[in-house]
Structures are given as structure tokens and as C-alpha cells.
Amino acid sequence: MSGSKKIYCGIGVEAKSPDPIFKNLSDVDAKSSNLGNDNSKPFRIFIGYDPREDLAYEVCRYSLLKRSSIPIEIIPIKQRELRENGVYWRKRGELESTEFSFTRFLTPYLAGFNGWAMFIDCDFLYINDIKELLDSIDYKYAIMCVKHDYVLKETVKMDGAVQSVYTPRKNWSSMVMYNCGHPQNRILTPEVVNTETGAFLHRFQWLDDDDIGEVPFVWNFLVGNNAVVSGDASTFPKALHYTQGGPWFEQWKNCEFGDLWFAEMEEYKEALKLKNVEERRLVS
């Protein structure tokens, strides 16, 4: 299949506003959006989307918009849309626990191989301003991520899905800041993403070690694996990652930091109600 057709997942610009539920739905051209080079444009954040975890996606999105002090643009990576547009045709494997197990690596392509953009799994909850993370961007790197030294504790995650074991570098790909215009990242065409092995992609084997920058683990704090050290602010999470299973699943509703997610969910739902009331008022 041809990968020449550029598409943009999602419905357009989602700039930071006082109410994170409201969005600017004006069209955006992926080729012209080059934040990282132009601070006047919103920073692009691609979130892996799975229909089973729609609420997790919405709460993650809400948490980002609520706390961001800079304009951000949030784009869900939806496998169905990618397939409809001929960008993704890979057969789903038995070990793919989500619909974005491999579509995540299309991030530089979807960003037009231009500027910086970030990919995150939908099972994140942001509790700090994303600007703090973006301020750490170093242009010498092709990507930047948390370099987890991860020991797999569970063989099953989420709603009974089998854990994929891409070690070393397990969970590195769950939150990545891509220097989309970096020559090394131009290899991530639809053809490569659809045909390369899971190990090649999740271990970043298209890159040299020196191409991979590191950010503090608190920006991809693995709930149930990482630990907060009392009195040590450097261990306090800034983005929680419910990688083993989030509280939106019944069997994980009592997980560590689950109370923070439920509080954010209730706030999101209340804001959504207010939005719906306002929309009805405007059309009446």
C-alpha cells in the first residue's frame, strides 16, 4: 500500500482554553504545524486511542488541557481511521494489548516529519504542567523518553490482555517526544511501521543509543512499579502511567493513585455536563 497520502487523525486544533472541554474546531494542515520551531503554534500531542478505553483517553486529554500553560493540540491516533485511509494495514497480533501497539510509531509521519511532537498512551494522568517537560527538549536527540529499567511483574494487564515483553526498553515507547524532522526518524514511514517487528520498533532499533535523550522517570511514573520516596521531591510523579491496568477497569479500581484518577474523572464529567448545557442554550 502507498504511504504517500498524509492524513491527520482527529478533528483539528485543540488549543488550551480556560475550560478544557471546549475546543477550537478550525482545520489544521499537518504540514504547517511545526511547533518546536515556532512557539506561536500549539504543541502536538498524539494519544493512543482504543475504543475499550475511551474514558481513559478523555480523562488523560482533560488532565493535559487543564494544567497546560501553553497551547497544545491533542490528536487521538485511531486505528480504524488509519486503516480507512490506507495508512495502516498491519494484521493485529495476539500480543497487541491495545489498538495503538504499533500505530504509535506513525507519530513523526502524522506530524509531517516536521518539528517536535509527543506520543503518549491513553492510560496516563497528568498532574503537572506539560510545559515543564517540553522545556527539557534537546534538539540534538531524535527522541526523548523515560529510560525505564523495567522488571515485568505481571504477565497479564488491563482487562486480561497478555503483557508484551519488549525488553530491554520495556515501556520506553509509551511516552516519547519525537524530533519529527530528525533524519533518523524519517524511516518511520507507513511501510516500515506496518512490516517491521515489534522488537525493532519498541526498542527503537532504527536509532543509535546516542540519538535517545532521557527525561526524569516522574514524567512516566509507572504505577505499581515506581515508588515515591518520602521527602524526596525528585520522586514525586508528574504524569501517572497506569500501565498494568487503570481504575476504569473493575479489577484495577483500587490500584495505587486510583483516587486521583477518579477525582479527575468526576471533574471531567462535570465539565462535560456544563458544556452540554451551554450548547443546548446556544441552539435554543
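Rules used in this analysis
Residues numbered from 1 in each chain as written. Predicted model: local features only at pLDDT ≥ 70, side-chain atom pairs only at ≥ 80, totals over all residues. Heavy atoms only, no water. Helix = DSSP H or I, 4+ residues; strand = E, 2+ residues; numbered from the N terminus. Contact = heavy atoms within 4.5 Å. Areas by Shrake-Rupley, 256 points an atom, 1.4 Å probe, with all protein chains shown as cover. Expected span 1.5 Å × (residues − 1). Buried < 20%, exposed > 50% of the residue type's maximum accessible area, 1.4 Å probe, protein only. Pairing = 2+ DSSP bridges. pLDDT = per-residue confidence, 0-100. Axes fitted to C-alpha atoms, helices over the stretch in contact; angles between N-to-C directions.

S.K.: What exactly am I supposed to notice about the overall build of the protein here?
M.R.: Secondary structure summary: the protein contains seven helices and 11 strands in total. Counting only contacts in the protein whose residues sit at least 6 apart along the sequence, the fraction spanning at least 24 positions is 73%. Accessible area of the protein: about 12,500 Å², with a carbon and sulfur share of 51%.

S.K.: Before we go on, may I ask you to explain helix α1 (residues 54-67) in this structure?
M.R.: With 14 residues, α1 ought to run about 20 Å at 1.5 Å a step, and its terminal C-alpha atoms sit 20 Å apart, in line with that. Considered for burial, the residues of α1 that qualify are A56, Y57, E58, V59, C60, R61, Y62, S63, L64 and L65. Where α1 is buried, its residues meet β1 (43-48), β2 (72-77), β3 (116-120), β4 (124-126), α4 (130-134) and α7 (258-283).

S.K.: Can you help me understand the sheet that holds strand β10 (residues 221-222) in this one?
M.R.: By definition, the strands of a sheet pair up through backbone hydrogen bonds, in either a parallel or an antiparallel sense. Overall, mixed pairing links the three strands, which are arranged β4-β11-β10 in an open sheet. Two strands lie at the open edges of the sheet, namely β4 and β10, each paired on one side alone. Bridge count between β4 and strand β11 (residues 239-241): three bridges; the pairing is antiparallel. Paired with L125 across the strands is L240, a residue of β11.

S.K.: Before we go on, may I ask you to explain the confidence of the model for the protein in this structure?
M.R.: Interpretation of the predicted coordinates at a detailed level should be avoided for regions scoring low in pLDDT. Summing up the model confidence of the protein, the mean pLDDT is 86 and the portion of residues at 70 or higher is 80%. Within the model, pLDDT remains below 50 along residues 1-13, and this stretch shows 49 contacts once partners closer than five positions in the same chain are excluded.

S.K.: How should the pairing of strand β8 (residues 175-179) be read in this particular structure?
M.R.: A regular strand places its side chains so that they alternate between the two faces of the sheet. Within β8, five of the five residues are buried, which leaves it mostly tucked inside the rest of the structure. Neither face of β8 is open: one carries M175, M177 and N179, the other V176 and Y178, and all of them are buried. Note: β3 against β8, five bridges, orientation antiparallel. Pairing of F119 across the sheet is with V176, part of β8. Here three bridges tie strand β5 (residues 143-145) to β8, and the two strands are oriented antiparallel to one another. Residue pairing across strands places I143 opposite Y178, the latter belonging to β8.

S.K.: For this particular structure, what's the right way to read the sheet that holds β5?
M.R.: Spatial ordering of the open sheet is given by β2-β1-β3-β8-β5-β9, a layout of six strands whose pairing is mixed. A strand with exactly one partner marks an edge of an open sheet, and here the two such strands are β2 and β9 (212-214). Direction aside, neighbouring strands of the sheet carry axes that sit 25 degrees apart on average. Note that β1 and β2 share six bridges and pair parallel. Each residue of the ladder has a partner; that of G48, found in β2, is I77.

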